[in-house]
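Each chain, letter by letter, is given below.
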Amino acid sequence: MSIEVEVNLRIPKTKSPSLDEHGHPIDHTYVRFAKLIQVPVIPKRGEPLQVTTSAGHTLECEVGRVAWSEERSLFIVECKYAKRSIPADECAALLNDSQWTMRHLL
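Reference entry: report on the structure contained in this document. What you see is a predicted model, and the numbers here were worked out from it, not measured in a lab.

Turning our attention to the pairing of strand E4 (residues 58-69). For strand E3 (residues 48-52) and E4, the ladder comprises five bridges, and the chain directions are antiparallel. Residue Val51 lies in a different strand from E4, and its bridge partner there is Leu59. Counting the residues that bridge the hairpin from E3 to E4 gives five residues, and of these Gly56 lies at a positive phi of roughly 100 degrees. Inspection of the sheet shows E4 paired to strand E5 (residues 74-81) by eight bridges, in the antiparallel sense. Looking at the pairing, Trp68 lines up with Phe75 of E5. Where E4 folds back onto E5 in an antiparallel hairpin, the turn is made up of four residues, including Ser73, whose phi is positive at roughly 55 degrees.

So this is what it looks like as structure tokens:
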């Protein structure tokens, strides 16, 4: 039996910043990418987690925090991208994937 959770992914800054719909650079410090996924068990802090994009990329992440959302009746799994930098193609795959929602923190 699998459990639906929302992944809330933080990615590092890129050397060549992504641009928003107005042509302005996106500062990844202030955005998170969210997606609903199915997991066999709720991951614990510090554990690795793999998430995918519709373009076929598998992103390695590390779980930072897991919290229950009473309003939404699901677990929110806060993760960070496991590597120090994210390749431009993986970043573009996140930005262009309709299954991932980019949320601004400010």
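With respect to the helices, strands and loops of the structure, Ala34 is situated in strand E2 (residues 31-39). Overall, Ala34 belongs to the buried group, its relative accessible area being 3%. Separated by 28 residues in sequence, Ala34 and Glu6 have C-alpha atoms that sit 6.6 Å apart.

A separate point is the nonpolar core. Of all hydrophobic cores here, the largest spans 21 residues; its most connected members are Val7, Leu9, Ile11, Leu49, Val51, Cys79 and Leu94. When residues of this core are traced back to their parent elements, those giving at least two are strand E1 (3-10), E2, E3, E4, E5 and helix H1 (88-95). Of the residues forming this core, the biggest block, four residues, is contributed by E2. Ignoring anything within four residues of it in the chain, the contact list for Val51 reads Val7, Ile37, His57, Thr58, Leu59, Cys61 and Trp100.

Cut-offs and rules
- Counting restarts for each chain: residues are numbered from 1 in the order of the written sequence.
- Residues qualify for local features only when their pLDDT is at least 70, as the model is predicted, and side-chain atom pairs are given and counted only at 80 or more; totals for whole chains, interfaces and linings, by contrast, use all residues.
- Hydrogens and water are ignored here; the side-chain numbers use all heavy atoms of the structure.
- By this definition, two strands are paired if DSSP reports at least two bridges between them.
- The numbering of helices and of strands both runs from the N terminus, where a helix is a DSSP run of H or I of at least 4 residues and a strand a run of E of at least 2.
- Between buried and exposed lies partly exposed: a residue is buried under 20% and exposed over 50% of the maximum accessible area for its type, with that area taken using a 1.4 Å probe on protein chains only.
- Within this scheme, the nonpolar core is defined by two criteria: the residues are buried Ala, Val, Leu, Ile, Met, Phe, Trp, Tyr or Cys, and they are joined through side-chain atoms within 4.5 Å.
- A contact between two residues is defined here by any heavy atoms of the two lying within 4.5 Å.

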